[in-house]
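Chain residues, written in single-letter form:
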Amino acid sequence: YNTVEAKQFYDYPKEVNICGTVVSTHKSKKGHIFINMDKSFPNQIFTATIWKSNVVNFSYEPEKYLINKKVCIRGKVKDYEGVPSIYPENDKAIKVLE
């Protein structure tokens, strides 16, 4: 599914794949990584958040490696302040299409 369709999966019981292009990333001072797809912050329409505790589960630096890549992110879609979000726990949850 694309990033615009992600909202329909709020509280959906199964994991889905949301696909789009990573247009911006941000690593917070606390070490969390925010990956915005198709539109960048503050107008983002979909965000994948990698919590600091899960960053060690990635074999690459997501905030650098994923920028400008077309990806599909698998997980349960949650509502974060009105923005559909997925919280990938490892690099297996993110498939790079290019």
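All figures in this text were calculated on a predicted structure; none of them were measured in a lab.

(A) Examining the packing of aromatic side chains more closely. Within this structure, the stated rule accounts for 5 aromatic pairs. With a centroid separation of 5.2 Å and 75° between ring planes, the pair formed by Phe 9 and Tyr 12 is classed as edge-to-face. Relative accessible area serves as the criterion here: at 6%, Phe 9 is assigned to the buried category. Geometrically, the ring pair formed by Trp 51 and Tyr 87 is stacked, given 5.3 Å between the ring centres and 10° between the ring planes. In this pair, Trp 51 is assigned in the loop between strand E3 (47-50) and helix H1 (52-55) and Tyr 87 in the loop between strand E6 (83-86) and strand E7 (94-96), connecting sequence segments 36 residues apart. Using a relative accessible area of 33% as the deciding quantity, one classes Trp 51 as partly exposed. One aromatic cluster is present, built from ring pairs that chain together Tyr 1, Phe 9 and Tyr 12. Cation over ring: Lys 69 sits above Tyr 65, and NZ or CZ is 4.4 Å from the ring centre.

(B) Local environment of the pairing of E6. Residues Val 83 and Ser 85 line one face of E6 and the alternating positions Pro 84 and Ile 86 line the opposite face, and both faces are buried. As defined by bridge partners, E3 adjoins E6 across 2 bridges and the pair is classed as parallel. The residue bridging Ala 48 from the neighbouring strand is Ile 86, located in E6. In this structure, strand E5 (residues 78-80) lies alongside E6, joined through 3 bridges in antiparallel fashion.

Analysis parameters
Residues numbered from 1 in each chain as written. Predicted model: local features only at pLDDT ≥ 70, side-chain atom pairs only at ≥ 80, totals over all residues. Heavy atoms only, no water. Phe/Tyr/Trp six-rings, centres within 6.5 Å; stacked < 30°, edge-to-face > 60°. Buried < 20%, exposed > 50% of the residue type's maximum accessible area, 1.4 Å probe, protein only. Helix = DSSP H or I, 4+ residues; strand = E, 2+ residues; numbered from the N terminus. Lys NZ or Arg CZ within 6 Å of the ring centre and 35° of its normal. Pairing = 2+ DSSP bridges.

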